Amino acid sequence: MTLIIILLLVVAIGFVLMKNKSVKSIFTPEQKYYTIDDEFNAKRKDRENEIDQLLSKIGKNGLDDLTKKERKRLDELSKK
């Protein structure tokens, strides 16, 4: 009888842990991209958004408004 109670307790704890999202992610990590094309397109879109942000800043205030770090980043992104 004690063995059955312990077994039911273990099963109940297992169900609780599987419902917990943080514990579930340990066993099955969340996949961000489905294919390598999805990953490429997402990174490309991120680069385009960053370039657009820098270019809009240039459009509003001129090239002199960019910091050295932003200019360097714009050069890096434009070469890719």
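These figures come from a predicted structure and were not determined experimentally.

A.B. asks: Before we move on, could you go through the overall build of the chain and cite the residues and values that matter?
C.D. replies: Along the backbone of the chain there are four helices and zero strands. Secondary structure elements of the chain, listed N to C terminal, follow the sequence α-α-α-α. Across the 80 residues in the chain, those meeting the buried criterion constitute 8%. With the model as given, the accessible surface of the chain reaches about 7,400 Å², and the carbon-plus-sulfur share is 62%.

A.B. asks: Kindly report on the pattern of salt bridges, identifying the contributing residues and their values.
C.D. replies: What the rule picks out here adds up to six salt bridges. With a closest N to O distance of 2.9 Å, Lys57 and Glu70 form a salt bridge. You can see Lys57 sitting in helix α3 (residues 36-61) and its partner Glu70 sitting in helix α4 (residues 68-79), a full 13 residues away along the chain. According to the relative accessible area criterion, Lys57 is partly exposed, its value standing at 26%. With a closest N to O distance of 3.2 Å, Glu76 and Arg73 form a salt bridge.

A.B. asks: Let's hear about a nonpolar patch on the surface: which residues, and what values?
C.D. replies: Together, Leu7, Val11 and Phe15 make up an exposed nonpolar region whose accessible area comes to about 310 Å². Within the secondary structure, Phe15 is located in helix α1 (residues 2-19).

A.B. asks: Outline α3, supporting the account with residue identities and numerical values.
C.D. replies: The terminal C-alpha atoms of α3, which comprises 26 residues, lie 38 Å apart, in line with the 38 Å expected from a rise of 1.5 Å per residue. Downstream of α3 by a residue or two, Gly62 has a phi angle that is positive, lying close to 95°.

What counts as what
- Residues numbered from 1 in each chain as written.
- Predicted model: local features only at pLDDT ≥ 70, side-chain atom pairs only at ≥ 80, totals over all residues.
- Heavy atoms only, no water.
- Helix = DSSP H or I, 4+ residues; strand = E, 2+ residues; numbered from the N terminus.
- Buried < 20%, exposed > 50% of the residue type's maximum accessible area, 1.4 Å probe, protein only.
- Areas by Shrake-Rupley, 256 points an atom, 1.4 Å probe, with all protein chains shown as cover.
- Salt bridge = Lys/Arg side-chain N within 4 Å of Asp/Glu carboxyl O.
- Patch = residues over 30% accessible without salt bridge, like charges linked within 9 Å, V, L, I, M, F, W, Y side chains within 5 Å.
- Expected span 1.5 Å × (residues − 1).

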